[in-house]
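The chain contents come next:
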There are 2 protein chains.
Amino acid sequence: MVESASDEILRDAQNVDVAFLVVGDPFGATTHTDLVLRARELSIPISSIPNASIMSAIGATGLQLYNFGQTVSMVFFTDSWKPASFYDRIRENRSIGLHTLVLLDIKVKEQSLENMARGRKVYEPPRYMTVGQCAEQMLEIEGMKKEAGEGGVYNEESLAVGAARVGGRSEKFVSGTLKQLCEADEVLGEPLHSLVLLGRRTHELESDYVREFAVDKELWDRIWKRDYEGKQ
Amino acid sequence: MVESASDEILRDAQNVDVAFLVVGDPFGATTHTDLVLRARELSIPISSIPNASIMSAIGATGLQLYNFGQTVSMVFFTDSWKPASFYDRIRENRSIGLHTLVLLDIKVKEQSLENMARGRKVYEPPRYMTVGQCAEQMLEIEGMKKEAGEGGVYNEESLAVGAARVGGRSEKFVSGTLKQLCEADEVLGEPLHSLVLLGRRTHELESDYVREFAVDKELWDRIWKRDYEGKQ
């Protein structure tokens, strides 16, 4: 974990060159910005090399990067912990017609409560959230918000794209309604997954591109015409 | 130009492998999405490889990619042509507190009106918009909008970051007010330039990072405290 190891990473960095490799772009995570700030405090010069990132590679869905709003993260819900701050961010994006990229939770080096309580450094197998899990959690929150009179940001028929292993040789996209995406994990296959919720400002060219991946092209066209087309 | 050469690019692509190299991510531009759509129509299989892009590399400013709204483009104004659609997009981003990445115009293979009229294939030297030119055009439009009673999206004291040659060895950032950035071209140096206008939802960690590049740190701090800090 970078958070806890930054002292270790920066130790001796005044005297020797230290390289730090990350998955994706080095500035995709706040943690890495923090590492640079610490280096600055210690007067350690740094330089960074940009890399492909899901933030830009998601353009391979055919949705235009220009039309994305803020990116949100989705964490694994538990029975008692269902953080829903993503919902208000999606509301903001959708209020101005933009797409939302949803980045999905990754759990590595996770301890069970029992092992944690007993101080046993035994870790659970890694877990990667799937598009299906994400779509279900999104609809669960929509249901709760609706009951509280604060819903309506999206619904079961909102159009979205599920993406798996973007940039890899086995890259795979599935598009459809959020309800359809709840069942799309088998088609999408192995991790890592991401999801994009379409904004109403979707251009026709974008829809043409994305419908190619549709679970059901007829349903896609019907909802596209009803809820998106010409809704600039 | 890809637009006019796509038939040429795709000719024979059913029979031989054709590679198409671009600057940045292949899906950063609508044109490339269009090329894939044409390939699909001709049943030509394609695969793409993601790359670093200004859309994600701009994280090197220290501004969090999560906090960016839609990206806008700024073209070179002429006396009679000052397209201002970027202004409404920035208004939308700022209404929900987000940063805006402004991508700056590049003019290559440009013909003078005279040469075009005479059918002479003589091209002007390439032109790359600078951060200073962009900041000036932004303030010009703000002035016009204000006169029309539709202004107030940003002003001379709005905080922004100018970026030059992002990802290159001579990468350079300058932060300050839009007014200050009008004069920052000399410090920024050679092209390519980009500009980011800060949203009010800027996190303190982001400001800490960016103020390091400030033309005038005291002024930065004063405006930060007055207009941004705690304005979530």
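In this convention, every chain numbers its residues from 1, walking through the sequence in written order. For naming, the first written chain is A and the first written ligand is 1, with later ones following in the order written. Given that the model is predicted, a residue must reach a pLDDT of at least 70 before its local features are reported, and side-chain atom pairs must reach 80 or more before they are shown or counted; all residues, however, enter totals for whole chains, interfaces and linings. Values shown for side chains rest on all heavy atoms present in the structure; no hydrogens or waters enter the calculation.

1. Quick word on the relation of the copies chain A and chain B
Next, step 1: Overlay of chain A on chain B (RMSD 0.0 Å): rotation 180°, translation along the axis 0.0 Å. Expressed as an axis order, the relation between the two copies is that of a two-fold axis.
Next, step 2: Contacts: residue pairs with any heavy atoms within 4.5 Å of one another. When the interface residues of chain A are mapped onto chain B, 100% of them again lie at the interface, so the same face is used by both copies. Here the copies are superposed with least squares, the fitted atoms being C-alpha atoms of residues at a pLDDT of at least 70 in both.

2. Regarding the domain arrangement of chain A
Next, step 1: Taken as a whole, chain A is organised into domain 1 (2–42) and domain 2 (54–228).
Next, step 2: For each domain, the first and last residues come from an automatic or database assignment. Relative placement of domain 1 of chain A and domain 2 of chain A: their C-alpha centres are 30 Å apart.

3. Things to note about empty space enclosed by the protein
Next, step 1: With a 1 Å grid laid over protein atoms only, a set of points is called a cavity when a 1.4 Å probe fits there but cannot get out and a pocket when it is open yet has protein on both sides within 12 Å along at least five of seven lines; lining residues have an atom within 4 Å of a point. Grid points are joined across faces, edges and corners, and a volume is the space filled by probe spheres set on the points. For the coordinates displayed, the defined rule picks out 2 cavities of 30 Å³ or more.
Next, step 2: Taken as a whole, the largest cavity holds about 230 Å³ of empty space.
Next, step 3: Looking at side-chain class alone, the lining of the largest cavity contains 9 nonpolar, 6 polar and no charged residues.
Next, step 4: The volume enclosed by the second largest cavity comes to roughly 40 Å³.
Next, step 5: What lines the second largest cavity is Asp25, Pro26, Phe27, Ser48, Ile49 and Pro50 of chain A together with Ala57, Ala60, Val166, Gly167 and Glu171 of chain B.
Next, step 6: For this classification, the nonpolar set comprises Ala, Val, Leu, Ile, Met, Phe, Trp, Tyr, Cys and Pro, the charged set comprises Asp, Glu, Lys and Arg, and every other residue, Gly included, is treated as polar. Taken together, the residues of the lining of the second largest cavity sort by class into 7 nonpolar, 2 polar and 2 charged.

4. Some remarks on the sheet that holds strand E5 (residues 159–164) of chain A
Residue and element names in this part refer to chain A.
Next, step 1: Strands were regarded as paired on the criterion that DSSP finds at least two bridges between them. Segments assigned H or I by DSSP are reported as helices when at least four residues long, segments assigned E as strands when at least two residues long, and all are numbered from the N terminus. Sheet architecture is open: 5 strands sit in the order E1-E2-E7-E5-E6, paired in mixed fashion. Strands with a single pairing partner mark the edges of an open sheet, and in this sheet they are strand E1 (72–74) and strand E6 (172–177). Neighbour-to-neighbour, the strand axes of the sheet open up by a mean angle of 25°, direction not taken into account.
Next, step 2: The axes are straight lines fitted to the C-alpha atoms, using for helices just the contacting stretch, and the angles between their N-to-C directions are given from 0 to 180°. Of the strands in this sheet, E1, strand E2 (100–104), E5 and strand E7 (193–197) touch helix H6 (residues 131–147), which is tilted by about 40° from E7.

5. Quick look at H6 of chain A
Next, step 1: With 17 residues, H6 of chain A should reach 24 Å at 1.5 Å per residue; the first-to-last C-alpha distance of 24 Å fits that figure.
Next, step 2: One or two residues past the end of H6 of chain A sits Gly149 of chain A, with phi positive at roughly 75°. For a helix, the expected span equals 1.5 Å multiplied by the number of residues minus one.

6. Quick word on the interface of chain A and chain B
Next, step 1: Across the contact, 44 residues belong to chain A and 44 residues belong to chain B.
Next, step 2: Across the interface of chain A and chain B, roughly 3,800 Å² is buried in total on both sides, 59% from carbon and sulfur atoms.
Next, step 3: When a carboxyl oxygen of Asp or Glu is within 4 Å of a side-chain nitrogen of Lys or Arg, the pair counts as a salt bridge. Summed over the shared surface of chain A and chain B, the number is 4 salt bridges.
Next, step 4: Between Arg201 of chain B and Glu92 of chain A there is a salt bridge, with its nearest N and O atoms 2.6 Å apart. Put simply, buried area is the surface a 1.4 Å probe can reach on two separate parts but cannot reach once they are joined, added for both.

7. Brief notes about the side chain of Lys145 of chain A
All names here are of chain A.
Next, step 1: With respect to the secondary-structure elements, Lys145 resides in helix H6.
Next, step 2: Any residue under 20% of the maximum accessible area for its type is buried, any over 50% is exposed, and the rest in between are partly exposed; the area is computed with a 1.4 Å probe on protein chains only. His is not counted, nor are the chain ends; Lys and Arg add positive charge and Asp and Glu add negative charge. Summary of buried charges: Lys145 has no salt-bridge partner, and the nearest side chain of opposite charge, Glu150, is 4.0 Å away.
Next, step 3: Among residues more than four places away in sequence, those in contact with Lys145 are Ala84, Tyr87, Glu150 and Gly151.

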